[in-house]
Amino acid sequence: MQVQRIMAGMPILNSVQTKNVQQADKAPVSNPVKEDSPKTSQILRNYFMGSQMVNPAFTGFPCSTSNFKVKELEDMPCTCCGRPMMTNKQTDEFALKAGKAAGAELNNILEENMPYFRAEEKAIVHYIQKQLKDMPDATLTTAISRTAPDPVKILQDEQADVIKRTSEKSKELLGEKNPIQSLCERELTKFAAPSKDRRKKDGNNKDFDSAKNGFNRTDFLANIVAMEDKKGIAHENIHKVLDVAVQVPESAKTISKMITSYGYGNNDTQFAKRLIQKAVVTAEHIHPKSKGGPNATDNYMGECQECNGSRGNMSYDEWMKKYPNMPDNIQVHADAVTEEIIKGSIGGNYDDYPVDLKEAIEKETQGKVVLTVKNPEEIDKAREERGLPKPQKDEKERANAAGSYQGSYHGLPELENQNAGKKKPHHHHFERFLPTANTQAA
Ligand SMILES: [Zn+2]
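The present account deals with the structure reproduced in this document. (Residues numbered from 1 in each chain as written. Predicted model: local features only at pLDDT ≥ 70, side-chain atom pairs only at ≥ 80, totals over all residues.)

Before going further, it helps to examine unusual backbone geometry. Even without a glycine there, the phi angle at Ala148 is positive, about 45 degrees. Mapping Ala148 onto the fold places it in the loop between helix H7 (140-145) and helix H8 (151-174). Accessibility expressed as a C-beta count within 10 Å gives 9 for Ala148, which makes it exposed. In this model, Gln366 sits at a positive phi of 50 degrees, which is unusual for a non-glycine residue. You can see Gln366 is positioned in the loop between helix H18 (353-364) and helix H19 (376-385). (Helix = DSSP H or I, 4+ residues; strand = E, 2+ residues; numbered from the N terminus. Buried ≥ 20, exposed ≤ 12 C-beta atoms within 10 Å, placed from the backbone.)

This is the structure we're talking about:
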């Protein structure tokens, strides 16, 4: 799982990086690629663009998640957090654009892409936007390097902001003085006088994260979930409120690492790429790979890199404490993907994917997540009703362990050129993609 998060969407690897990645992965791994092969570079790229290492327990090379066509769809909602996701190509395009921009133009680009930033990243983006008001020539990195930001303050400002937005959402749905609003107001009192002295200065100390003001993301979410039974709030409204509330960041350490590694460098494109990276759509193994889950389409669901990294080997029970809106968001995702299947965006081989997804997720969650999906006949019927053609079957389009299809996107050359001439971040080239505190895999 580590490698999946580390490599997804990164442009290209050299052999040195590859070695490090392999050493980092504790699972038994065999590299099927001889490093002296003339095709090594392309094969390794395909191999890792597919976002996973090959587990020897599974048959055949290549067995890459890049076969999973859902990864090529733009703006699919994440099965877990529900936020819109980007393809690898879209993240590269964002990086190029935001990496070249400054001042008001940069501010507009960040604002346009706001739905894509995940929690800690969004906290930094909001900080940068504030700085741009006073620095019309600032870029992503100079907005950081000229202002020496405090990660704990960035975290707490964003936490308070998300709690306020959660409160607003509850007012919109449930009216003034509703119980969720009261909960949010109680939580906000913890942010009234944040004291820097209360935190440890050592960035490696885990106390650094909690910032000691008593706010706890998991408890906050659990308290909202409990309102359904305790206060009789409709499930649908709880879900809508949770979609806002789950965006609360929780790790000052993650923010600290990101701004230290990228904000003080001189490569705006790399920083932009890092800020958007967690929105990239990855293939989540419904039954974890480490527990024998196969690399096959019927064991995949599209999930953003942030959520995929958070889950690791966690059970769904555990995971749903972190993302209690997940059961609803899988349905939203399944509906969106089904619509693309009906339209023929991902080929006829996916007509039975919604049923496969339903069966896999119901089995894995022991019936706690139940989906309503269309079967292949219903998908055909929907096409007929709308006068849409039935897409042709193409064996390449369906991922399985014996497949050879490698996906169609191999990175923007312009981005690689952009990165080639620039100084790399200060720290080890591999470390910068390590899981962060709040996305640590189990
Ligand atoms: Zn997500």
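Remark: H8 packs on helix H9 (residues 179-189), axes separated minimally by 8 Å, with the N-to-C direction vectors making an angle of 165 degrees. Taken together, H8 and H9 sit at an angle that is classed as roughly antiparallel. Of the two elements, H8 crosses H9, and the hand of that crossing is left-handed. Residues Ala160, Ile163, Thr166, Ser167, Ser170, Lys171 and Leu174 of H8 lie in contact with H9, whose contacting residues are Ile180, Gln181, Cys184, Glu185, Glu187 and Leu188. Here the contact of H8 with H9 is built from residues that sort into six nonpolar, four polar and three charged. (Axes fitted to C-alpha atoms, helices over the stretch in contact; angles between N-to-C directions. Parallel < 35°, antiparallel > 145°, perpendicular 65-115°, else oblique. Left-handed = near helix turned anticlockwise from the far one by under 90°. Contact = placed C-beta atoms within 7 Å. Nonpolar A, V, L, I, M, F, W, Y, C, P; charged D, E, K, R; others polar.)

Moving on, we come to the pairing of strand E1 (residues 281-285). It is a general feature of regular strands that their side chains alternate between the two faces of the sheet. Of all five residues in E1, five are buried; the element is thus mostly enclosed. Residues Val281, Ala283 and His285 of E1 are buried on one face, and the alternating residues Thr282 and Glu284, pointing to the opposite face, are buried as well. Note that E1 and strand E2 (residues 300-304) share five bridges and pair antiparallel. Considered in E2, the bridge of Thr282 is made with Glu303. (Pairing = 2+ DSSP bridges.)

The biggest cluster of nonpolar side chains holds 80 residues, and the ones touching the most others in it are Ile124, Ile224, Ala245 and Ile276. Both domains that meet at this core, namely domain 1 (2-84 + 280-411) and domain 2 (92-277 + 418-439), each give it at least three residues. The contact partners of Ile124, leaving out residues within four places of it in the chain, are Ile154, Ile255, Met258, Ile259 and Leu275. (Core = buried A, V, L, I, M, F, W, Y, C linked by C-beta atoms within 7 Å. Domains from an automatic or database assignment.)

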